[in-house]
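Letter by letter, the chains look like this.
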Amino acid sequence: MNEKPHSPENTPPHPTSEPVQSKPNIVTRASMMWVATSAGLLVLVLLIILILQNQESVTLHYLGLNGTVSIGVGLFIGAVGGGILVAIAGTVRIIQLRTRARRNKPSP
């Protein structure tokens, strides 16, 4: 109880300036490309592991064609085929939207 309630040792220092604000996170094209490249490399590593762990041969039949490939390669071919179908559908939709936007754009 010998302490003084308002002694300089017990008083917090007054701020001499405004608090420092951190810079907001800025998303750049380079950072987006870096994240996309990293994600793509991770997917490729996982696909390599899938192919290496599934080496048994299977016979594939597709539209009259027959072939023998490993299970991992067959799954990879199916995934790439599905990706191509999605890319085609997305491209067609983007073309539709651009055509509609051009048609609805007021002329100057």
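Residues numbered from 1 in each chain as written. Predicted model: local features only at pLDDT ≥ 70, side-chain atom pairs only at ≥ 80, totals over all residues. Heavy atoms only, no water.

Draft legend 1. Structural view of the overall build of the protein. The helix and strand inventory of the protein stands at 2 helices and 2 strands. Ordered by position from the N terminus, the helices and strands of the protein form the series α-β-β-α. Buried residues in the protein amount to 4% of all 108 residues. Within the protein, contacts between residues separated by at least 24 positions form 10% of all contacts whose residues are at least 6 apart in sequence. Counting every atom, the protein has about 10,400 Å² of accessible surface; 66% of that belongs to carbon and sulfur. (Helix = DSSP H or I, 4+ residues; strand = E, 2+ residues; numbered from the N terminus. Buried < 20%, exposed > 50% of the residue type's maximum accessible area, 1.4 Å probe, protein only. Contact = heavy atoms within 4.5 Å. Areas by Shrake-Rupley, 256 points an atom, 1.4 Å probe, with all protein chains shown as cover.)

Draft legend 2. Representation of the confidence of the model for the protein within the structure. Summing up the model confidence of the protein, the mean pLDDT is 83 and the portion of residues at 70 or higher is 77%. The secondary-structure element of the protein with the lowest mean pLDDT is strand β1 (residues 57–62), recorded at 87, while helix α2 (residues 71–104) shows the highest, at 91. (pLDDT = per-residue confidence, 0-100.)

Draft legend 3. Molecular detail of a nonpolar patch on the surface. A cluster of nonpolar side chains, F76, I77, V80, I84, L85, I88 and V92, forms an exposed patch at the surface whose accessible area comes to about 630 Å². Secondary-structure assignment places V92 in helix α2. Judged by relative accessible area, V92 falls into the partly exposed class, the value being 45%. (Patch = residues over 30% accessible without salt bridge, like charges linked within 9 Å, V, L, I, M, F, W, Y side chains within 5 Å. Salt bridge = Lys/Arg side-chain N within 4 Å of Asp/Glu carboxyl O.)

Draft legend 4. Representation of the pairing of strand β2 (residues 65–70) within the structure. With 6 bridges connecting them, β1 and β2 associate as antiparallel partners. Across the sheet, L60 pairs through a bridge with G67, a residue of β2. Between β1 and β2, which follow one another and run antiparallel, lie 2 residues, and L63 among them has a positive phi close to 50°. (Pairing = 2+ DSSP bridges.)

Draft legend 5. Geometry of the packing of helix α1 (residues 29–53) against α2. Contact pair α1 / α2: the axes reach a minimum separation of 6 Å and the direction vectors enclose 140°. What the angle tells us is that α1 and α2 run oblique. Across from L47, L50 and I51 in α1, the residues of α2 making contact are G72, V73, L75 and F76. Of the residues that constitute the contact of α1 with α2, the class distribution is 6 nonpolar, 1 polar and no charged. (Axes fitted to C-alpha atoms, helices over the stretch in contact; angles between N-to-C directions. Parallel < 35°, antiparallel > 145°, perpendicular 65-115°, else oblique. Nonpolar A, V, L, I, M, F, W, Y, C, P; charged D, E, K, R; others polar.)

Draft legend 6. The arrangement of the environment of S31 in detail. Summarising the element assignment, S31 is placed in helix α1. A relative accessible area of 29% means that S31 is categorised as partly exposed. Only 2.8 Å separates the side chain of S31 from the backbone oxygen of T28, close enough to count as a polar contact. (Polar contact = N/O pair within 3.5 Å; in protein donor to acceptor, adjacent residues only side chain to side chain.)

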